[in-house]
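Topology and contacts: notes
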Amino acid sequence: MPSQRLIEMLVGLFLLFAIFSLAVLAFKVSGLTNLFPTKSYAVTAAFDDIGGLKIRSPIKIGGVQVGEVSNIALDSQLFKAIVTMRINDQYNNIPNDSSAGIYTSGLLGDNYIAITPMYSKTVLKEGSTIEFTNSAMVLEKLIGQFIYKIGNSGNDKGEKNANAQ
Amino acid sequence: MSWIATLGRSGMDSIRELGKSGILLYRILFYPPNIRKGFPLVVQQVYMEGVLSLLIIIVSGLFIGMVLALQGYHTLAKFGASQQLGPLVALSVTRELGPVVTAILFAGRAGSAVTAEIALMKVTEQLSSMEMMAVDPLRRIISPRFWGGFISIPLLTLIFNVVAIYGAYLVGVRWLGLDAGVFWSNMQSSVEFHSDIVNGIIKSIVFGVAVTWIALVQGYFAIPTSAGIASATTRSVVYASLVVLGLDFILTAMMIGEW
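As the structure is a prediction and not an experimental result, all values here were calculated from the model. (Residues numbered from 1 in each chain as written. Chains lettered and ligands numbered in written order. Predicted model: local features only at pLDDT ≥ 70, side-chain atom pairs only at ≥ 80, totals over all residues.)

**A short note on the overall build of chain A**
For chain A, the count of helices and strands is 2 helices and 8 strands. Walking chain A from its N terminus toward its C terminus, one meets helices and strands in the order α-β-β-β-β-β-β-β-β-α. Of all 165 residues assigned to chain A, the portion counted as buried reaches 18%. At a minimum sequence separation of 6, the contacts of chain A that also span at least 24 residues come to 64%. (Helix = DSSP H or I, 4+ residues; strand = E, 2+ residues; numbered from the N terminus. Buried ≥ 20, exposed ≤ 12 C-beta atoms within 10 Å, placed from the backbone. Contact = placed C-beta atoms within 7 Å.)

Laid out in structure tokens, this is it:
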């Protein structure tokens with residue numbers, strides 16, 4: 001058994017190693033950055049259907065991330081989803097007639113909100129609302145419409161054939 | 001009707017065992033330790049149980065990470081999703097493999113040693129002679145070993161996680177040629193600090209209590225013969241591994257189901 005002093009040093013090194021590991025896990029692996037939140041302002045928008053949007057989903061303008069979704073709630077009168085977004089303070093010149101749409105990154109990726117800027121002179125600020133929104137494209141709905149169309153066109157042919165006979 | 005009596009007897013025996021173990025844990029947790037005398041003992045046990053387990057933890061972490069990356073890469077590549085290798089490895093290591101494998105390795109490396117040590121002390125009547133000299137064996141022997149394991153396991157789990165992810169980085173990026181930026185950024189976007197890493201640490205704390213408690217109970221209540229030490233050591237490792245796997249399921253259900 002080594003001396004008590006050596007043991008204490010080795011245990012100290014062990015603790016340091018473990019703390020270093022925790023720091024690596026926090027900052028390198030999980031990308032923990034909201035420990036020191038950047039200054040941001042909140043903007044809301046009402047969507048008919050938000051698809052798979054989640055809290056912390058990214059907000060993008062032209063593909064560049066400018067903020068993230070901070071809250072999702074249901075308006076119990078209109079049955080619309082009220083999405084609260086936090087946009088970083090450095091992007092404080094977004095026109096207030098911009099439109100927000102929910103898109104999917106890749107074919108099966110996560111949802112994100114894309115803001116398309118327009119030309120108004122007044123800008124979005126804390127508490128303002130984005131009026132123009134596009135709902136999420138839900139894949140099942142699209143497939144449903146597609147199959148419905150195929151089914152209809154098949155019926156048309158069938159009726160024509162029946163008439164011809 | 002004798003089998004009903006046998007069943008009843010074995011039931012009462014196991015409840016009595018559980019009660020004795022519970023009293024031992026209660027006495028470890030709630031008898032105030034002497035800070036000035038107890039602290040060096042705890043440091044010694046952190047050395048014996050934690051620092052000396054580092055080698056096996058690092059080596060197995062490295063290889064588990066490397067194997068996960070290799071297997072995951074070849075499966076994901078079939079779907080053209082090999083850039084999701086980082087999230088796959090990081091999530092499976094931080095949520096499940098890190099805490100569970102560390103606790104099982106710890107049970108084999110340090111838990112068995114603690115059991116054998118205490119059981120031998122009991123066989124050679126060192127514990128009784130300590131009591132004769134008015135030294136409480138619970139404070140002098142049992143309690144430092146408990147706190148040593150309790151402190152060591154979460155720290156070893158953190159180290160295991162980092163080493164396994166580094167092993168996956170070595171295989172995925174350096175050997176199989178994935179892009180390093182994609183590897184890390186996909187990992188960062190899908191691993192959350194609270195729900196993945198903190199939950200893994202909570203799991204490892206629970207496992208730490210369970211593994212060291214089982215090791216101490218098996219040693220302290222071992223039958224004082226050489227065969228008794230052998231079966232106590234075996235049971236310490238087997239029970240600890242089974243309890244860790246069972247508790248892991250319960251904890252995962254609690255964390256995912258938001259009980």
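**Describing the overall build of chain B**
A count of helices and strands for chain B gives 9 helices and 0 strands. Listing the helices and strands of chain B from first to last along the sequence gives α-α-α-α-α-α-α-α-α. Each of the three principal axes of chain B carries a C-alpha extent, and together these read 70 × 55 × 35 Å. Burial statistics for chain B: of 259 residues in total, 41% are counted as buried. Contacts in chain B between residues far apart in sequence, at least 24 positions, make up 87% of those at least 6 positions apart.

**Re the interface of chain A and chain B**
On the side of chain B, 25 residues touch chain A, which itself brings 19 residues to the contact. Along the lines of polarity and charge, the residues of the side of chain A that touches chain B split into 13 nonpolar, 4 polar and 2 charged. (Nonpolar A, V, L, I, M, F, W, Y, C, P; charged D, E, K, R; others polar.)

**Examining the domain arrangement of chain A**
Here chain A is described as being made up of domain 1 (1-36) and domain 2 (40-142). Computed from C-alpha atoms alone, the centre-to-centre distance between domain 1 of chain A and domain 2 of chain A is 40 Å. (Domains from an automatic or database assignment.)

**Some words on unusual backbone geometry**
The backbone phi angle of Phe79 of chain A is positive, close to 55 degrees, even though this residue is not glycine. In this structure, Phe79 of chain A sits in the loop between strand S3 (64-75) and strand S4 (80-88). Overall, Phe79 of chain A belongs to the exposed group, with 8 C-beta atoms counted inside 10 Å. With a phi close to 60 degrees, Ala134 of chain B is a non-glycine residue in the positive phi region. Structurally, Ala134 of chain B can be placed in the loop between helix H5 (126-132) and helix H6 (137-175).

**Remarks on the nonpolar core**
The biggest cluster of nonpolar side chains holds 73 residues, and the ones touching the most others in it are Val89, Ala103, Ile159, Ile165, Ala168, Val211 and Leu216 of chain B. Looking at this core, the elements with two or more residues in it are helix H1 (4-29) of chain A together with helix H2 (35-50), helix H3 (54-78), helix H4 (85-123), H6, helix H7 (180-190), helix H8 (193-220) and helix H9 (226-257) of chain B. Looking at which element gives the most residues to this core, the answer is H6 of chain B, with 19 residues. In this view, Ile165 of chain B contacts Val29 of chain A together with Gly65, Val89, Ala90 and Val93 of chain B; residues no more than four positions away in its chain are not counted. Core analysis: the second largest hydrophobic core is formed by 18 residues, Ala45, Val69, Ile94 and Ala136 of chain A among them. (Core = buried A, V, L, I, M, F, W, Y, C linked by C-beta atoms within 7 Å.)

**Remarks on the environment of Ile118 of chain B**
All names here are of chain B. Checked against the element boundaries, Ile118 lands in helix H4. Sequence separation between Ile118 and Ile229 is 111 residues; the distance between their C-alpha atoms is 9.2 Å. With residues near it in sequence (within four places) discarded, Ile118 still touches Ile141, Leu216, Gly219 and Tyr220.

**Regarding the sheet that holds strand S7 (residues 129-130) of chain A**
Residues and elements named next belong to chain A. Read across the sheet, 8 strands follow the order S7-S1-S4-S3-S2-S6-S5-S8 without closing on themselves; strand pairing throughout is mixed. The open sheet has two free edges, formed respectively by S7 and strand S8 (132-134), since each of these has just one partner strand. For strand S5 (residues 99-104) and strand S6 (residues 111-116), the ladder comprises 6 bridges, and the chain directions are antiparallel. Looking at the pairing, Thr104 lines up with Asn111 of S6. (Pairing = 2+ DSSP bridges.)

**Focus: the pairing of S6 of chain A**
In terms of strand pairing, strand S2 (residues 58-61) of chain A meets S6 of chain A through 2 bridges, oriented parallel. By the bridge assignment for S6 of chain A, Ile59 of chain A is matched with Ile113 of chain A.

**What about the confidence of the model for chain B?**
Summing up the model confidence of chain B, the mean pLDDT is 90 and the portion of residues at 70 or higher is 99%. If you check the scores for this complex, the pTM reads 0.76 and the ipTM reads 0.81. (pLDDT = per-residue confidence, 0-100.)

**Overview of H3 of chain B**
With 25 residues, H3 of chain B ought to run about 36 Å at 1.5 Å a step, and its terminal C-alpha atoms sit 36 Å apart, in line with that. Where H3 of chain B is buried, its residues contact H1 of chain A together with H4 and H6 of chain B. Immediately downstream of H3 of chain B, the backbone of Gly80 of chain B shows phi near 65 degrees, a positive value. (Expected span 1.5 Å × (residues − 1).)

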